[in-house]
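Tertiary structure, described
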Amino acid sequence: MDERVELLTELVRRYRVPGAQLAVYEHGVLTQVEVGHVRAGGEPVAPDSLFPLGSVTKFVTATLVLQLVGDGDLELDEPIATWLPELRGGTPGSATVRQLLSHTSGLPDMVGAEVRPGASLRAHVLAGRGEELVCEPGKTFSYSNFGYVVAGYLVEQITGMRWAEAVRSFLLDPLGVPGGVLSEPGPGITQHAVHLPTGAVQVVEPEVPLAVVPAGALTTTAAGLLTLALPHCGGLPADMPILEPAQIEEMGRTIPGAEPFGLANAWGLGLAGFDRQWLGHDGNTGGATCTLRIHPATGTALVLMTNATSGRQLADRFLDDLAARGFGPGAYHVPDPGTPLSGKELRAAAAELTGRYRSGGRVIDVRAEESGELVLQQGHGGGSRLTLYPNLVFQIAGKAGERTAPPESPEGLRGDEFTEHHRFLRTADGRITGVQYAGGRVVTRV
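Because the structure is predicted, anything quoted here is derived from the model rather than measured.

Calculation rules
Residues numbered from 1 in each chain as written. Predicted model: local features only at pLDDT ≥ 70, side-chain atom pairs only at ≥ 80, totals over all residues. Heavy atoms only, no water. Helix = DSSP H or I, 4+ residues; strand = E, 2+ residues; numbered from the N terminus. Buried < 20%, exposed > 50% of the residue type's maximum accessible area, 1.4 Å probe, protein only. Contact = heavy atoms within 4.5 Å. Areas by Shrake-Rupley, 256 points an atom, 1.4 Å probe, with all protein chains shown as cover. Lys, Arg positive; Asp, Glu negative; His and termini not counted. Charge placed at Lys NZ, Arg CZ, Asp CG, Glu CD. Arc of directions from axis to C-beta. Pairing = 2+ DSSP bridges. pLDDT = per-residue confidence, 0-100. Core = buried A, V, L, I, M, F, W, Y, C linked by side-chain atoms within 4.5 Å. Axes fitted to C-alpha atoms, helices over the stretch in contact; angles between N-to-C directions. Parallel < 35°, antiparallel > 145°, perpendicular 65-115°, else oblique. Nonpolar A, V, L, I, M, F, W, Y, C, P; charged D, E, K, R; others polar. Salt bridge = Lys/Arg side-chain N within 4 Å of Asp/Glu carboxyl O. Polar contact = N/O pair within 3.5 Å; in protein donor to acceptor, adjacent residues only side chain to side chain. Left-handed = near helix turned anticlockwise from the far one by under 90°. Phe/Tyr/Trp six-rings, centres within 6.5 Å; stacked < 30°, edge-to-face > 60°. Lys NZ or Arg CZ within 6 Å of the ring centre and 35° of its normal.

This paragraph deals with the overall build of the protein chain. Of the regular secondary structure elements, the protein chain holds 11 helices and 20 strands. Here the C-alpha coordinates of the protein chain stretch approximately 65 × 55 × 40 Å along the principal axes. Looking at the 446 residues of the protein chain, the share that counts as buried comes to 55%. Counting only contacts in the protein chain whose residues sit at least 6 apart along the sequence, the fraction spanning at least 24 positions is 63%. In the form shown here, the protein chain has an accessible surface area of approximately 18500 Å², with 49% of it arising from carbon and sulfur atoms. Here the protein chain carries 35 positive and 49 negative side-chain charges, and the mean point of each set is 7 Å from the other.

Here it is, written out as structure tokens:
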């Protein structure tokens, strides 16, 4: 463990991350270490410092749902309207439980209708009854926070408890895991936005509406999250059956044809699939990050939590360095897309791709400039110019109209927006139907 702590300490410095927790489970032993500070320049991270899980909360929600499946209260391949009759005839109602948990329901990432921040899960779910699907259910991966809001509401209806109460009653308390929900009082860390090119670190307070709590608002320690993952490592005593073997297997079984481009190699139920038969999930909250990796075959797992946006790139580098040393799956990397298009090839592709794309409340416009560059516009401002590759993969290359390269730190580090890959989607008959953008979210062509 000493070598890994030394590596993490160096990366915390390089990526300007104020603090981190690392927990590792191997050879039947769970170990947690802390590096850095709860707040930039503040007190050190403590063993009981609570970090946000971000989207790794979905792994916990999926675990709750699989418990209900094991108890016979739910069935994975039945439409959720079976248990939520108020959704019959609405868009979410026809989705199956399996589709919700695997992001193959076709639901948009978020509801387009305006929902007040303090609204209940029920209000949020009912507001999404009229949403249009972004892809055919069961056929395509499209990351959906809304799908997990529906799953959380399903838990509430089956158990008669609020989602947070169910998490505590069925998971946290039986395992002795500390935890809460963002915005609740407790020994939580302070979140930070880091601008890697300049090294600037700024305190941020991301807001998580009550209605999306099942998708991304749980807090715990690195060791706490790892304890929740122990059923997948054979690490819990026989008298603590949090999940039955059949449900553990279901969570790790990947869905055929569901390609989570930009996120992982494959996807199951609340768990992604990575190289070398590793499972896991990543999360961020706009000021903190969480990385979970599990290797069921060897009973090994790790959790890395940070209190900065740059923790995403730190985690990728950490995983790659661990893999080079014989431990871990390495980070997920998009396959090399090749040489960027230019000249006539770029203009021909741009003419085919321009138009409007929509998903819930998200609207994206793609246009071709007279200069020949392809520009993506989301919201106000001048838009972002794109680097387009032959297989319709693209990256953000900078602001529209500016020829300068994305800014870098002296160590060559760039912001996340310039390192991520996205792609346009083409059907077998050649039609452009959407964009898989912002971490696997499908935005449909209008």
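Next comes the rest of the description.
Turning next to the environment of Leu87. Mapping Leu87 onto the fold places it in the loop between helix 2 (57-70) and helix 3 (97-102). Judged by relative accessible area, which is 0%, Leu87 ranks as buried. Leu87 sits 41 residues away from Gly128 along the chain, and the two C-alpha atoms are 9.5 Å apart. Ignoring anything within four residues of it in the chain, the contact list for Leu87 reads Ile80, Ala81, Pro92, Gly93, Val125, Leu126 and Arg129.

Before going further, it helps to spend a moment on helix 9 (residues 245-252). Within the sequence span of helix 9, burial applies to Gln247, Ile248, Glu250 and Met251. Seen from one end, helix 9 has its buried residues packed into an arc of 160 degrees, which puts them on one side. Those residues of helix 9 hidden inside the fold are in contact with helix 2 and helix 3.

Before going further, it helps to spend a moment on the sheet that holds strand 4 (residues 180-181). As summarised here, the arrangement of the three strands in space is 3-7-4, forming an open sheet in which the pairing is antiparallel. The sheet terminates laterally at strand 3 (51-52) and strand 4, the two strands that pair on one side only. For strand 4 and strand 7 (residues 218-220), the ladder comprises two bridges, and the chain directions are antiparallel. Across the sheet, Val181 pairs through a bridge with Leu218, a residue of strand 7.

Residues of the protein chain with pLDDT of at least 70 account for 100%, and the chain-wide mean is 92. Here strand 4 stands out as the least confident element of the protein chain, with mean pLDDT 90; helix 2 is the most confident, with 98.

The next thing to look at is the nonpolar core. A general tendency of soluble globular proteins is for nonpolar side chains to be buried together. Core analysis: the largest hydrophobic core is formed by 87 residues, its most contacted members being Phe59, Leu101, Trp163, Leu225, Leu228 and Leu292. Those residues in contact with Trp163 that lie beyond four places of it in its chain are Thr57, Thr61, Leu64, Leu121, Gly152, Glu156, Val181, Val213, Pro214 and Leu218. Counting 24 residues, the second-largest nonpolar core is a separate cluster that includes Val12, Ala20, Leu22 and Ala331.

To continue, consider the packing of helix 2 against helix 6 (residues 163-175). Where helix 2 contacts helix 6, the axes come no closer than 11 Å and their chain directions differ by 70 degrees. It follows that helix 2 is roughly perpendicular to helix 6 by the angle criterion. On the side of helix 2, the interface is formed by Thr57, Val60, Thr61, Thr63, Leu64 and Gln67, while helix 6 contributes Trp163, Ala166, Val167, Phe170 and Leu171. Split by residue class, the contact of helix 2 with helix 6 holds seven nonpolar, four polar and no charged.

So, about helix 8 (residues 222-229). Most of helix 8 sits out of view: eight of its eight residues are buried. Looking only at helix 8, the buried set comprises Ala222, Ala223, Gly224, Leu225, Leu226, Thr227, Leu228 and Ala229.

Counting buried residues along strand 19 (residues 432-437), five of its six residues qualify, which places the element largely inside the surrounding structure. Strand direction decides the pairing type here: strand 18 (residues 422-426) and strand 19, joined by four bridges, are antiparallel. Counted as the bridge partner of Arg426 is Ile432 from strand 19. Taking the residues between adjacent antiparallel strands as the criterion, strand 18 and strand 19 are bridged by five residues, where Gly430 takes a positive phi near 100 degrees.

What follows is about the sheet that holds strand 20 (residues 441-445). Here we have eight strands rolled up into a closed barrel, ordered 13-14-15-16-17-18-19-20, and antiparallel in their pairing. The mean inter-strand angle of the sheet, taken between neighbouring strand axes irrespective of direction, is 35 degrees. This element, helix 11 (residues 343-353), spans strand 13 (355-359), strand 14 (362-368), strand 15 (374-377), strand 16 (384-388), strand 18, strand 19 and strand 20 of the sheet and lies at about 120 degrees to strand 16.

This brings us to the pattern of salt bridges. A side chain with one charge can pair with a side chain of the opposite charge if their charged atoms come near. Using the criterion set out here, one finds 20 salt bridges in the structure. Note that Arg317 and Asp321 form a salt bridge whose closest N and O atoms lie 3.2 Å from each other. On the criterion of helical spacing, the pair formed by Arg317 and Asp321 is a turn pair, its members being four residues apart in helix 10 (residues 311-324). A single network of salt bridges, built from pairs that share partners, joins Asp77, Arg98, Glu249, Glu250 and Arg253.

The next thing to look at is the side chain of Thr57. Of note, Thr57 is situated in helix 2. In this structure Thr57 comes out as buried when scored by relative accessible area, which is 0%. Within the structure, the side chain of Thr57 is placed 2.8 Å from the backbone oxygen of Gly54, a separation counted as a polar contact.

This part is about the packing of helix 1 (residues 2-14) against helix 10. Two elements in contact, helix 1 and helix 10, have axes whose closest approach is 10 Å; the angle formed by their N-to-C orientations is 150 degrees. When the axes of helix 1 and helix 10 are compared, the pair comes out roughly antiparallel. Here the hand of the crossing between helix 1 and helix 10 comes out right-handed. Along its contact with helix 1, which presents Arg4, Leu7, Leu8, Leu11, Val12 and Arg14, the element helix 10 presents Leu314, Arg317, Phe318, Asp321 and Leu322.

Evaluation of the coordinates by the stated rule reveals six aromatic pairs. Considering the side-chain rings of Phe394 and Phe424, the 5.0 Å spacing of their centres and the 40 degrees angle between planes classify their relative orientation as tilted. Taken together, the residues Phe394 in strand 17 (residues 393-399) and Phe424 in strand 18 connect sequence positions 30 residues apart. In this structure, Phe394 and Phe424 share a single accessibility class: buried. Among the aromatic residues, those joined into a ring-pair cluster are Tyr357, Phe394, Phe424 and Tyr437. One cation-aromatic arrangement involves Arg293 over Phe274; the distance from NZ or CZ to the ring centre is 3.8 Å.

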